[in-house]
Amino acid sequence: MSEFDFTNEANYLQEVRYNMMKSPFSQLVKVPQPLRILCTKNMLVMELLDGKQLSRSINDQLVDALDGDRALARELLRPKKRAQEENKEDDSGMYAMYRNFQKILNLNRNYKNKTSETSQQSSVGNRGILNEMKTIFSLILISKQSRKKLDLLIDVHGYQIFHDGVFNADPHPGNILDLTDGRIGLLDYGQAKRLQPCECIALAKVLMALRDGNEDSVADAMRELGFRSKLDRSDILAQTAAFYFDSDEVFEKLGYNNNKAFMEHLQKVDPMIVVPDAAVMVARTSILFRGIGSLLRQRVKISDRWYPYAKAAIQEEVKLKLCT
């Protein structure tokens, strides 16, 4: 990690920029060029990217779709319990956003109808229906575009983790830009993490096991990664892996409303004695992206997005062993 040492951060910035330029995502994301001649331990100077924070961009799009109603836009993005804010049968999130919009809109419409003249209600109602349909289609489009960008971000970081071994462990919304040219800008490598090849492979095995869904295989992969718990319970190791590297479904299915209560439960049942540093930083990345998904009312399953990169890492290791 390189937080508070801008020389190191500039080095990571340059390295990740180079990696992305020769990656499959070169036309989709942009990492700014550090101006090395101006960088010092206490100051980082980099290329200016033309865009705005992704979270602000999505909020602005919602405001436009809602005819400038910022309060309603905030209400749509207000975090709620996952069970209330998501459609379990459709993980796109668009219908959850629509239902929330419709609920709020009904309150406004009821008030307006009470204060309108009877002769005006028909024409106002017709215009209202057309405006509502336009708004709904706009919300669906925003939701689909947001999901596409979120999937891209998760894919990019999966590629960085399993292919490059260098990634940003702090990809919160403030570090992600929606650029005017349509690309995504990636900023702030003060908490970059470099993984050793053996760590990448061990993490890849955990992801592969999570995707296959075998509890014992997941637990064995976690042990190989370096996890140690007091009682060495396979079910607790597997649940920890699912929470760290996959989705919030693991604690929802067990009846917990938030990850803090779930982690307290795990520690009470079988306390973790050793948690590898590499796992912590990758888990942080996973949880941050799931948090962005929750804000956008999108269900995120990290193992589905990272599986191809984890599989490729293991296949590459096999090829290298065959060649030696």
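Remember, it's a predicted structure, so these values are computed and weren't measured experimentally.

Caption draft 1: Expanded view of the overall build of the protein. Summing up its helical and strand segments, the protein has 13 helices and 8 strands in all. Going through the 324 residues of the protein one by one, you find that 47% of them count as buried. A fraction of 70% describes how many contacts in the protein between residues 6 or more apart in sequence connect residues 24 or more apart. Looking at the protein as shown, the accessible area adds up to about 16900 Å², and 53% of this sits on carbon and sulfur atoms.

Caption draft 2: Inspection of the packing of aromatic side chains at higher detail. In total, this model carries 10 aromatic pairs according to the counting rule given. With a centroid separation of 6.0 Å and 65° between ring planes, the pair formed by F243 and F262 is classed as edge-to-face. Placement of F243 in helix α9 (residues 234–245) and of F262 in helix α11 (residues 259–269) is noted, with a sequence separation of 19 residues between them. By relative accessible area, F262 is classed as buried at 0%. A connected cluster of aromatic rings, assembled from ring pairs, spans F227, F243, Y244, F245, F251, Y256 and F262. Positioned over the ring face of Y307 is R211, at 4.4 Å from the centre of the ring.

Caption draft 3: Structural context of the pairing of strand β4 (residues 176–179). Neither face of β4 is open: one carries I176 and D178, the other L177 and L179, and all of them are buried. Pairing geometry for β4 and strand β5 (residues 184–186), over 3 bridges, is antiparallel. The residue bridging I176 from the neighbouring strand is L186, located in β5. Once β4 ends, the chain turns through 4 residues before running back antiparallel as β5, passing G182 with a positive phi of about 95°.

Caption draft 4: Geometry of helix α3 (residues 70–77). Residues L72, A73, E75, L76 and L77 constitute the buried set of α3. For α3, the side-chain oxygen to backbone nitrogen distance between the N-cap and A71 is 3.3 Å, and the N-cap itself is D69.

Caption draft 5: Inspection of the packing of helix α7 (residues 197–212) against α9 at higher detail. Orientation of α7 relative to α9, taken along the N-to-C sense of each, is 100°, at an axis distance of 11 Å. Viewed along their axes, α7 and α9 adopt a mutual orientation that is roughly perpendicular. Residues L203, V206, L207 and L210 of α7 lie in contact with α9, whose contacting residues are A241, A242 and F245. Residues that form the contact of α7 with α9 fall into these classes: 7 nonpolar, no polar and no charged.

Caption draft 6: Structural view of the state of the cysteines. One pass over the structure, following the stated rule, counts 0 disulfides. As a non-bridged cysteine, C198 has C200 as the owner of its nearest cysteine sulfur, 8.3 Å distant.

Caption draft 7: Inspection of the pattern of salt bridges at higher detail. Per the counting criterion, the structure on display carries 22 salt bridges. A salt bridge links E47 to R17, with the shortest nitrogen-to-oxygen separation between them at 3.5 Å. Of this pair, E47 sits in the loop between β1 (29–30) and β2 (51–53) while R17 sits in helix α1 (residues 6–21), and the two are 30 residues apart along the sequence. The exposure class of E47 is partly exposed, given its relative accessible area of 24%. Sharing partners across several salt bridges, the network here consists of R147, D151, D155 and R305.

Caption draft 8: Representation of the side chain of Q298 in the model. Residue position: Q298 is located in the loop between α12 (277–295) and α13 (302–323). Among the residues examined, Q298 registers a relative accessible area of 0% and is labelled buried. Of note is the side chain of Q298, whose polar atom sits 3.1 Å from the backbone oxygen of S143.

Caption draft 9: A look at helix α2 (residues 54–65). In a regular helix each residue adds 1.5 Å, so 12 residues correspond to 16 Å; α2 covers 17 Å between its end C-alpha atoms and thus fits that length. Phi for D67, located one or two positions after α2, is positive at around 55°.

Calculation criteria
Residues numbered from 1 in each chain as written. Predicted model: local features only at pLDDT ≥ 70, side-chain atom pairs only at ≥ 80, totals over all residues. Heavy atoms only, no water. Helix = DSSP H or I, 4+ residues; strand = E, 2+ residues; numbered from the N terminus. Buried < 20%, exposed > 50% of the residue type's maximum accessible area, 1.4 Å probe, protein only. Contact = heavy atoms within 4.5 Å. Areas by Shrake-Rupley, 256 points an atom, 1.4 Å probe, with all protein chains shown as cover. Phe/Tyr/Trp six-rings, centres within 6.5 Å; stacked < 30°, edge-to-face > 60°. Lys NZ or Arg CZ within 6 Å of the ring centre and 35° of its normal. Pairing = 2+ DSSP bridges. Polar contact = N/O pair within 3.5 Å; in protein donor to acceptor, adjacent residues only side chain to side chain. Axes fitted to C-alpha atoms, helices over the stretch in contact; angles between N-to-C directions. Parallel < 35°, antiparallel > 145°, perpendicular 65-115°, else oblique. Nonpolar A, V, L, I, M, F, W, Y, C, P; charged D, E, K, R; others polar. Disulfide = S-S within 2.5 Å. Salt bridge = Lys/Arg side-chain N within 4 Å of Asp/Glu carboxyl O. Expected span 1.5 Å × (residues − 1).

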